[in-house]
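# Tertiary structure, described
Next come the chains, spelled out residue by residue.
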Amino acid sequence: LPPGTRIQAPAQRNRQVNLMLQGFQLNLTALSMVSLLVGVFLIGNTIAASVVRQRREIGVLRAIGASRTQVRIVFLAEAAFSALLGGLLGIPLARIIAAGLLEGVSQTISAHYVLLSIDKLWVSPVHVAQALICGLLAALGGAWLPAREASSVDPVAVLRPGRNIEPRPIPWWKPLGPALLLIALAAWLSWQSLHTGPPWLSFLSCLFLVLGFVLLARPFASATAWLAERLVRPFPKLMLFRMGAANLAKALHRAVPVIAALMTSVAMVLGVTIMIHSFRGTLALWVDSALKADVYIAPAANEVIKRSALLPEGLVEQLEQHPSVAHTETLREDRVILTDGSEYTLRAVNRSTANPLPWVSGDAISQEALWRQPGHVAASEVLATRLKWLAGQSVILSTPSGPLPFTIAGIFHDYADDQGCFYITRENYARHWNGQGYHAVAAFLKDHSAAPALEEELRRDFNTGGGLSIYLNQALRTRVFEIFDQTFAVTELLRVIAIAVALLGITLALSTLVAERSWDIAALRSIGAGRGQIAALHLTEAGLIGLVSALLGMICGLLLSMILTWVVNKAFFGWTVRYEVPWGEWLATPLWVTAVALLAGLIPAWKAASTNLAAALRSE
C-alpha cells in the first residue's frame, strides 16, 4: 500500500461516529426530559382534579369500610391508565413531529459529524418501551401526593358542605432548607463536572437547581400573595384583587404544582435562550476575527462530506496572480492519529502574519512566532480541554513516515469543529506530509468593491458544472449563522411543548379550584356578587400564578443559563462562551407569562361565573 495509507476495521469507525453523536443525543434527551418533568406536575393536577370531583364518593367508600391503601391504589391505577393511553397516543404524534424535524436534524448532523442520508423514519421498539416506561413512572410520581390526599379523606368532613380547601397547611418556611440544600448541591455538581468529571454531572446540576426552585415555589407564592394583599389594602376599589391574593394564599396546595410546572418551563426557555444568545454573540466575535477575507472558495461537496474534493487545478494560481488580489490563504485538511488511536483533523494553512490565530491566552505574538517554527502545531481549545493539554506540551502525531513528536505552540479559539483540530503552517505540513492540492482558499482583495467581479470571473472559469461554493464575506457570515440557527432549531420545539404543557396545567389547576370552591362561589353569588366579579376574582388568581411563576423562573433561568453556558458547554464541548444576557427579553418575561396565564384562566373563570347556585348550596 502507498505511504500514509491507514487500515481500520469498520467497527472502529462506527465507534468513533457513535462517540461523536453521543453528545448531540444527550443534549436533546436532557431537553426533552424537561417536558417530562413538567408533565409530572400536570399529572399531579389531573389526579388532584379527579380527587376533588370524587371527594364525596371517596367519603362514602371510606365510610363503608374501604381502606386507605385501596383508595390510594384506585387513583394510582387511574394515573397509570392515563399514562399508558397518553403514551400510545404520543407514539404516532412523535412520528409526525420527527418527520417535520428530520431534514433539519440530518443537516445538522451531516454538517458537524457524519454524512446522513435518511430515507425513512425508523421507530425503535426499545425507544417506544422506554417512552412508555418513563411516562408511566412520571405519572405515578406525579399522582402519588394526590392519591395520598385521597386516602386521607375524612368522611365526616367531605360529606358536609363548606369544606376547607387546605385543612393542614404546610408552614411557608419548611421547604426552604431542602431547597437551599438542592441549590448548593447543584453548585457542587457543577464544580465536579468541570474539574473531575464525568461531564453528565452537569445535567444533574441543572436538575437539582430546578428542583430546588420547585421547593421555593410555596414560600415564594405565599410571600407574593401576602405582599399583594398588603399593597392593595389601602385601595377599596381593588377589593377583588385583594380577595384573589387571599384565595391564592389559601389554595397553595393546588397552585404550587402549577407554579412549579410553569416556573420550570419559563426557566428552561430563559436558560436555553440566554445560552444560545451568548453562544451566538461569541460566534459573532469569532467570525469577526476569523473571517476577514473578501472571497472564499471551496468545493460544494465539502459542505456535505468534509475533505471529499479538492479545488480545481489552476484556481489558486490564478487568484495569486490576479491584479485585484492582495494575497491568498489556502487550507488543506488531513487526519492524524494520536497514540491512543483517536483521530482528529489536521489543517494546513498559510495564514499571513497580519491574520494571526485567535489565541486563548498568553503572549499572542510569541505564540504566533513559535507556531511558525518547524515541529510545532496549534491545538484548538476544544481538543486541549478534552485531552487536558497545555501550551508547550509535546504530542505524537501520525505522519506518512511514521509517528513524530510535535510541540503545541499554543491553544486557540475555534468554533468550527466541536471535535477539536490541529493547525499547522503549510511549510511544516510539507515537511512531513505529501498531500497535494487545497480544500479551500480565501482571497484578500486590494479593493473590497472588486469582490463581485472576481466572483463572476471564478464562476465563469471554474464553476461551469456547479461544483464550487463561492461566498463573498457577508454571504459566508450569513451561511455560518444559518448553520448555527439550524443546529438549535430542535430546541425551539421542545421549549414550545414545555410551555404548552405548563399552560394546560394552569387551566386544569384553576378548574380544580373552582370545583373545590363551588360552595364558596355560590355563597358569594347569593349575597350579591356578580358573574363578572367572580370571573375577575379567578382571573386575578391566574394572573398572580403567572406572575409568581415568571419571577421565580427568571431567577432560576438566569442560574440555569450559567450552568448551561459555563458548565454543560465547557464539560461536553470545551468551548469558552462569552456570557451575555438579552436583558430586554429577560425583563419582558413577566409580561408575556402573566398574559398567557390570564388566557389559560379564562375557561376556569367562566366556569366559576356559571356555577349553579342551587346545586352548589344543596345539602343532602
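## Here we look at the overall build of the chain
The helix and strand inventory of the chain stands at 23 helices and nine strands. Contacts in the chain between residues far apart in sequence, at least 24 positions, make up 81% of those at least 6 positions apart. Of the accessible surface of the chain, which amounts to about 29,700 Å², a share of 66% is contributed by carbon and sulfur atoms.

## Here's the deal with the sheet that holds strand 4 (residues 376-380)
Overall, mixed pairing links the nine strands, which are arranged 5-6-4-7-3-2-8-1-9 in an open sheet. With one partner strand each, in any of the chains shown, strand 5 (394-399) and strand 9 (468-472) form the two edges of the open sheet. In this sheet, neighbouring strand axes are inclined to one another by 30° on average, regardless of whether the strands run parallel or antiparallel. Pairing analysis gives two bridges linking strand 4 to strand 7 (residues 421-425), with the strands arranged antiparallel.

## Let's talk about the confidence of the model for the chain
Any segment with low pLDDT has predicted coordinates that should not be analysed in fine detail. Counting all residues, the mean pLDDT for the chain is 84, and 89% of those residues have values of 70 or more. Of the regions scoring below 50 in pLDDT, residues 163-167 engages in 13 contacts with residues more than four places distant in sequence or in other chains.

## What to know about a nonpolar patch on the surface
A cluster of nonpolar side chains, Val60, Leu61, Ile64 and Leu159, forms an exposed patch at the surface whose accessible area comes to about 360 Å². The residue Leu61 is located in helix 2 (residues 55-63) in this model.

## Considerations on the side chain of Glu229
Here Glu229 lies in helix 8 (residues 217-232). When residues no more than four places from it in sequence are discounted, the contact partners of Glu229 are Arg242, Ala245 and Ala246.

## Some points on the pairing of strand 3 (residues 343-349)
The element strand 3 is extensively covered by neighbouring structure, given that seven of its seven residues are classed as buried. Judged from the seven bridges that link them, strand 2 (residues 325-337) and strand 3 form a sheet pairing that is antiparallel. Bridging from a neighbouring strand, Ile337 pairs with Glu343 of strand 3. Alignment of strand 3 against strand 7, held across five bridges, turns out to be parallel. Bridge pairing in strand 7 links Ala348 to Ile424.

## Thoughts on the side chain of Gln367
Tracing the chain through its elements places Gln367 in helix 12 (residues 364-371). A relative accessible area of 9% means that Gln367 is categorised as buried. Look past the residues within four positions of Gln367 in its chain and what remains in contact with it is Trp359, Ser361, Gly362, Ala391, Ala409, Gly410 and Ile411.

## Considerations on helix 4 (residues 125-151)
With 27 residues, helix 4 should reach 39 Å at 1.5 Å per residue; the first-to-last C-alpha distance of 37 Å fits that figure. Along helix 4, the helix axis deviates most sharply at Trp144, where the bend reaches about 40°; the proline Pro146 sits within four residues downstream. Among all positions of helix 4, only Ala138, Ala139, Gly142, Ala143, Pro146, Ala147, Ala150 and Ser151 are buried.

## Quick look at the environment of Leu383
Summarising the element assignment, Leu383 is placed in helix 13 (residues 381-387). Residue classification places Leu383 among the buried residues on the basis of a relative accessible area of 0%. The spatial distance from the C-alpha of Leu383 to the C-alpha of Gln419 is 6.8 Å, given a sequence separation of 36 residues.

## Some details on helix 18 (residues 518-526)
Listing the buried residues of helix 18 in full gives Ile521, Ala522 and Arg525. Relative to the axis of helix 18, the buried residues are bounded by an arc of 100° and lie together on one face. Backbone geometry just after helix 18 places Gly528 at a positive phi near 115°.

## Some remarks on the packing of aromatic side chains
The relation between two aromatic rings is expressed through the spacing of the ring centres and the mutual angle of the planes. One pass over the full model with this rule turns up 10 aromatic pairs. Taking 6.0 Å as the distance between ring centres and 40° as the angle between the ring planes, the aromatic pair formed by Tyr415 and Trp575 counts as tilted. One end of the pair, Tyr415, is in the loop between strand 6 (402-412) and strand 7; the other, Trp575, is in the loop between helix 19 (531-572) and helix 20 (583-587), and 160 residues separate them in sequence. On the basis of an interplanar angle of 50° and a centroid distance of 4.9 Å, the ring pair of Trp566 and Tyr579 is categorised as tilted. Here Trp566 is found in helix 19, whereas its partner Tyr579 is found in the loop between helix 19 and helix 20, with 13 residues between them in sequence. Ring pairing ties together the aromatic residues Phe279, Trp286, Tyr415 and Trp575, which thus form one cluster.

## Notes on the pattern of salt bridges
Taken as a whole, this structure holds 14 salt bridges when the rule is applied. The salt bridge partner of Asp461 is Arg460, with a shortest N-O separation of 3.5 Å. Among the residues examined, Arg460 registers a relative accessible area of 55% and is labelled exposed. When salt bridges that share partners are traced, they join Glu229, Arg230 and Arg242 into one network.

## Quick word on the packing of helix 9 (residues 239-250) against helix 19
It is the contact of helix 9 with helix 19, at a shortest axis distance of 8 Å, that shows an interaxial angle of 55°. Classed by the angle they form, the pair helix 9 and helix 19 counts as oblique. The element helix 9 and its partner helix 19 pack so that their crossing is right-handed. Between helix 9, through Leu240, Phe241, Met243, Gly244, Ala245, Asn247 and Leu248, and helix 19, the contact on the second element is made entirely by Gln533, Ala536, Leu537, Thr540, Glu541, Leu544 and Ile545. Partitioning the contact of helix 9 with helix 19 into residue classes produces nine nonpolar, four polar and one charged.

## Description of the environment of Ala500
Within the fold, Ala500 resides in helix 17 (residues 489-516). Owing to a relative accessible area of 39%, Ala500 belongs among the partly exposed residues under this scheme. In the structure, Ala500 is positioned 238 residues away from Leu262 in sequence and 9.3 Å away in space, judged by C-alpha atoms.

## Some thoughts on the packing of helix 9 against helix 10 (residues 252-290)
Each pair of packed helices can be described by the angle between their axes along with the distance between the axes. Between helix 9 and helix 10, the least distance of the axes is 6 Å, while the angle of their chain directions is 90°. Viewed along their axes, helix 9 and helix 10 adopt a mutual orientation that is roughly perpendicular. Touching Leu248, Ala249 and Lys250 of helix 9 are Leu252, His253 and Ala255, all from helix 10. Partitioned by chemical class, the residues of the contact of helix 9 with helix 10 number four nonpolar, one polar and one charged.

## Some words on the environment of Gly86
Mapped onto the elements of the fold, Gly86 is located in helix 3 (residues 68-112). On the accessibility criterion, Gly86 (39% relative accessible area) is partly exposed.

## Focus: unusual backbone geometry
Glycine aside, a negative phi is what most residues show, and trans is what most peptide bonds show. Unlike most non-glycine residues, Lys388 shows phi in positive territory, near 55°. In this fold, Lys388 is placed in the loop between helix 13 and strand 5.

Calculation notes
Residues numbered from 1 in each chain as written. Predicted model: local features only at pLDDT ≥ 70, side-chain atom pairs only at ≥ 80, totals over all residues. Heavy atoms only, no water. Helix = DSSP H or I, 4+ residues; strand = E, 2+ residues; numbered from the N terminus. Contact = heavy atoms within 4.5 Å. Areas by Shrake-Rupley, 256 points an atom, 1.4 Å probe, with all protein chains shown as cover. Pairing = 2+ DSSP bridges. Axes fitted to C-alpha atoms, helices over the stretch in contact; angles between N-to-C directions. pLDDT = per-residue confidence, 0-100. Patch = residues over 30% accessible without salt bridge, like charges linked within 9 Å, V, L, I, M, F, W, Y side chains within 5 Å. Salt bridge = Lys/Arg side-chain N within 4 Å of Asp/Glu carboxyl O. Buried < 20%, exposed > 50% of the residue type's maximum accessible area, 1.4 Å probe, protein only. Expected span 1.5 Å × (residues − 1). Bend = angle between axes of the 7 residues up to and from the residue. Arc of directions from axis to C-beta. Phe/Tyr/Trp six-rings, centres within 6.5 Å; stacked < 30°, edge-to-face > 60°. Parallel < 35°, antiparallel > 145°, perpendicular 65-115°, else oblique. Left-handed = near helix turned anticlockwise from the far one by under 90°. Nonpolar A, V, L, I, M, F, W, Y, C, P; charged D, E, K, R; others polar.

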